[in-house]
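Notes for the structure review
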Amino acid sequence: MEAKIKEMIKSVKKGDQSAYEDIVSFYQSKVYAICYRMIGNSHEAEDLAQEAFIRAYVNIHSFDEKKKFSTWLYRIATNLTIDRIRKKKPDFYLDAEVRGTDGLDMYSQLPAEQALPEEEVESLEIQTVIQQEIMNLPAKYRSVIALRFVDELPLAEISEILDIPVGTVKTRIHRGREALRKRLRHV
Amino acid sequence: MSCDKHIVNLMHNYLDGDLTKQEEQQLRSHLQTCQACQKHFHELKRTLSLLKGNSDIQAPTNFTASVMSNLPKERKRVSYSRWFKAHPALTAAAIFFVLMFGGIFSAWDQDNQLSYPKGKNLVIKDDTVIVPEGVVVDGDLVVKNGDLKIDGSVNGDVVIINGDHLMASAGNISGEIEQVNQVFDWIWYHIKDITKSVFAFTNK
Ligand SMILES: [Zn+2]
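Just so you know, the residues in each chain are numbered from 1, in the order the chain's sequence is written. Following the order in which they are written, the chains are lettered starting with A and the ligands numbered starting with 1. Given that this is a predicted model, residues contribute local features only at a pLDDT of at least 70 and side-chain atom pairs are listed and counted only at 80 or more, while totals for whole chains, interfaces and linings are drawn from all residues. Side-chain descriptors were evaluated using all non-hydrogen atoms of the structure, hydrogens and water having been removed beforehand.

**A short note on the pattern of salt bridges**
In what follows, salt bridge is the name for a side-chain nitrogen of Lys or Arg lying within 4 Å of a carboxyl oxygen of Asp or Glu. Inspection of every chain in the model, using the stated rule, returns 20 salt bridges over all chains. Here A:K68 ties to A:E157 by a salt bridge, and the two come within 3.2 Å at their closest N and O atoms. Residue A:K68 is located in the loop between α3 (42-58) and α4 (69-88), and its partner A:E157 is located in helix α10 (residues 155-162); the two are separated by 89 residues in the primary sequence. The exposure class of A:K68 is partly exposed, given its relative accessible area of 36%. For A:R181, the salt bridge is made with A:E178, and the minimal N-O distance between the two is 2.6 Å. Note that A:R181 and A:E178 are positioned in helix α11 (residues 166-184) at a spacing of three residues, about one turn of the helix. Across the pair, A:E178 and A:R181 agree in class, each one buried. Look at the salt bridges and you will find they share partners, linking A:E178, A:R181, A:R185, B:K39 and B:E43 into a network. Every helix listed is a DSSP run of H or I at least four residues long, and every strand listed is a run of E at least two residues long, numbered separately from the N terminus. The buried label applies to any residue whose accessible area, calculated with a 1.4 Å probe on protein chains only, is under 20% of its type's maximum; exposed applies above 50%, and partly exposed to all values in between.

**What to know about the packing of helix α1 (residues 5-15) of chain B against helix α2 (residues 21-33) of chain B**
Each pair of packed helices can be described by the angle between their axes along with the distance between the axes. Residues and elements named next belong to chain B. Only the contacting stretch of a helix is used when fitting its axis, a line to C-alpha atoms as for every element, and angles between N-to-C directions run 0 to 180 degrees. Remark: α1 packs on α2, axes separated minimally by 10 Å, with the N-to-C direction vectors making an angle of 120°. One way to sum up the angle between α1 and α2 is to call them oblique. Taken as a pair, α1 and α2 cross one another with a handedness that is left-handed. Touching H6, I7, L10, M11 and Y14 of α1 are E23, E24, Q26, L27, H30 and L31, all from α2. Nonpolar residues are Ala, Val, Leu, Ile, Met, Phe, Trp, Tyr, Cys and Pro. Charged residues are Asp, Glu, Lys and Arg, and all others, Gly as well, are polar. Here the contact of α1 with α2 is built from residues that sort into six nonpolar, three polar and two charged. Note that the term roughly parallel is reserved for angles under 35 degrees, roughly antiparallel for angles over 145, roughly perpendicular for angles of 65 to 115, and oblique for everything else. Note: crossing handedness is left-handed where the near helix turns anticlockwise from the far helix by less than a right angle, and right-handed where it turns clockwise. Two residues form a contact once any of their heavy atoms are found within 4.5 Å.

**A closer look at the interface of chain A and chain B**
Contacts between the two partners involve 46 residues from chain A and, on the opposite side, 39 residues from chain B. Each of two parts loses accessible area, computed with a 1.4 Å probe, when they are put together; buried area is these two losses added. Across the chain A to chain B interface the summed buried area is about 4,000 Å²; carbon plus sulfur atoms make up 60%. Salt-bridge contacts for B:E43 lead to A:R181; the nearest nitrogen and oxygen are separated by 2.4 Å. Throughout this description, a polar contact denotes any pair of N or O atoms lying within 3.5 Å of each other; where both atoms belong to protein, one of them has to be capable of donating a hydrogen while the other can accept it, and for residues adjacent in sequence the pair is counted only when both atoms sit in side chains. Joining chain A to chain B, the criterion identifies 16 residue pairs in polar contact (both at pLDDT 80 or more). If you list the elements that add at least two residues to the side of chain A that touches chain B, you get α2 (18-39), α3, α6 (103-109), α8 (126-135), α9 (139-150) and α11 of chain A. Among the elements that make up the side of chain A that touches chain B, the one with the highest residue count is α2(A) (eleven residues).

So, in structure tokens, the structure goes:
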């Protein structure tokens, strides 16, 4: 598939717009899901995913064909989404670290009252609950979690997409997973 | 939950597929003896399956169409060339037409000399080519810039370009006779000619 995508990109670079259609339809759900995981509502996720594809098209000449297209595309999508989150809620929490180097310290970082009460949980779709709990994580954890669990990307690729060291990706995944473990325990 | 955080790290590394055989053994033997860590590990795995289990989020319908309609317009040249690719026969005709126009016109202009096939016992009188009585021309006969009078016979088609077939003549033509006297006739003649050879080629 990657080879086929590369062929299509060559056509797009030559100016053949219709070749882009297959690219969009191939990646649409992945990009949409990543945005959705990060922003938490479907309307905005669609808006961001659309914008990501349009930007990728406009800037297609800056895409290095030796690299993986999805890495580049996901990078555009996550950057746009992070920007949107910042504009929406420019408070400290977005960039906040979940402090501590391991899961045990997470307990002190995440107040117990943020977890949903059990009765409320039962009335909600499990999907909604999971998303709500993801939304309780700082944005930079969300992006790592989204990439890791939407497309099951390897840590190295996530590191390239988000332009952060692999070690940082690892830490964020561990902490994010630890936080979600605690929050989803009762689901 | 009083275990070494090292064990929790091992769990996460395990889930990332990032554990040496030795570390895996260490984790395994700890989990066999420690209930708290067992529970922790189980919860982590469950969290993962929850996250992965609903990763089938689909883009809204019409997503692709909506992206496509919001893209900046592509350059005209490309849409033409795509149209050409989609319509190869028409494209061939169009390209042929463009290329040939120049060539045909110049051929028409430059070439005012009487021309006829040599070595067929034809008689030339002024600008008239005569197939004398008793002479049989085998194959097609093409005469340019002159009239043609057939007293004998032609076993093939006759084409007269920029000239007349002198009807007084009473010879035999086994094929068709065609007169080409205008520029457009001339072009048409060429197109038919080339089309025939193209088809002959593609039919092979
Ligand atoms: Zn233990």
